[in-house]
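Chain by chain, the residues:
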Amino acid sequence: MDARHRQVRARYTADTVTVYQAYPAEIAVPALANGRFVAPFKRDRMTWIKPSFLWMMYRCGWASKPGQERVLAVEIRRSGFEWALAAACLSHFDRSLYPDRDTWARRVRTSPVRVQWDPERSLRLGPLPYRSLQVGLSGEAVGRYVDEWTVAITEVTGLAHAVRDRLAAGDDAGAGALLPAERVYPLPAGVAAVIGADPTPAATC
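Caption draft 1: Molecular detail of the side chain of glutamine 134. Note that glutamine 134 resides in strand β7 (residues 127–137). Under the relative-accessibility criterion, glutamine 134 is labelled buried at 2%. Of the polar contacts made by the side chain of glutamine 134, one reaches the backbone oxygen of serine 132; its length is 3.2 Å.

What follows is the structure, given as structure tokens:
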């Protein structure tokens, strides 16, 4: 198995980590203007955040899918990100993490956070042999995300289009050079265990 099978890769600093979301203009524009999510963003719906830029591109089709035309980079506090993962439950039963389905089902009912590991994506959005983390926030976690964790929101739709256009021109090297620099995120051991992540060495940042 690839040593990177389940690792979180992201842009991060000593205090923050960047995640991505794609929305229609009616949600993205007010969020950009206010530096946080405001109406018509709905707090009562699960919202999925993605640390991987390329997985976001796969999901939104380089900002071309209906309702996902505006891609936002949301810088959030690492303390909040790690709180979410520590409080999470996998979307699907995994016998390596839960002793039985009943235990998993109880966790699903009580956890405000879902996580799932999907194949990471290549520059041309093909599946890679290792996984990328998606994090679904609901209930208390959405409130914390909006009110406590968000540090800054910037738009990266132009970047998405620029990478797509270079790929269309056959300039893979040029497209790759535009990508955000993502590194393996150093999860605390206890948090990694909750979400089934592979152990990662401590990093200085």
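Next comes the rest of the description.
Caption draft 2: Just the layout of surface pockets, in detail. The volume enclosed by the largest pocket comes to roughly 510 Å³. The wall of the largest pocket is formed by 20 residues, among which Ala22, Tyr23, Met46, Thr47 and Trp48 lie closest to the centre. Mapped by element, the contributors of at least two residues to the lining of the largest pocket are β2 (16–23), β3 (47–49) and α2 (53–60). Taken together, the residues of the lining of the largest pocket break down into 10 nonpolar, 6 polar and 4 charged. For the second largest pocket, the calculated volume is near 170 Å³. Lining the second largest pocket, in full, are Arg9, Ser52, Phe53, Leu54, Glu120, Arg121, Leu128, Tyr130, Leu179, Pro180 and Glu182.

What counts and what doesn't
Along each chain, numbering runs from 1 in the same order as the chain's sequence is written. Restriction of local features to residues with pLDDT of at least 70 applies here, the model being predicted, together with a cutoff of 80 or more for giving and counting side-chain atom pairs; totals for whole chains, interfaces and linings are based on all residues. In computing side-chain values, all of the structure's heavy atoms are included and hydrogens and water are not. Segments assigned H or I by DSSP are reported as helices when at least four residues long, segments assigned E as strands when at least two residues long, and all are numbered from the N terminus. Here the term buried applies to any residue with accessible area under 20% of the maximum for its type, exposed to any over 50%, and partly exposed to those in between, with areas from a 1.4 Å probe on protein chains only. Any pair of N or O atoms that falls within 3.5 Å is considered a polar contact. Within protein, one atom must be able to donate a hydrogen and the other to accept it, and sequence-neighbouring residues count only if both atoms are side-chain atoms. Site definitions follow a grid-based scheme: protein atoms alone, a 1 Å grid, a 1.4 Å probe that fits but cannot get out for cavities, and for pockets an open set with protein on both sides within 12 Å along at least five of seven lines, plus lining residues having an atom within 4 Å of a point. Grid points are joined across faces, edges and corners, and a volume is the space filled by probe spheres set on the points. Think of it as three bins: nonpolar holds Ala, Val, Leu, Ile, Met, Phe, Trp, Tyr, Cys and Pro, charged holds Asp, Glu, Lys and Arg, and polar takes everything else, Gly as well.

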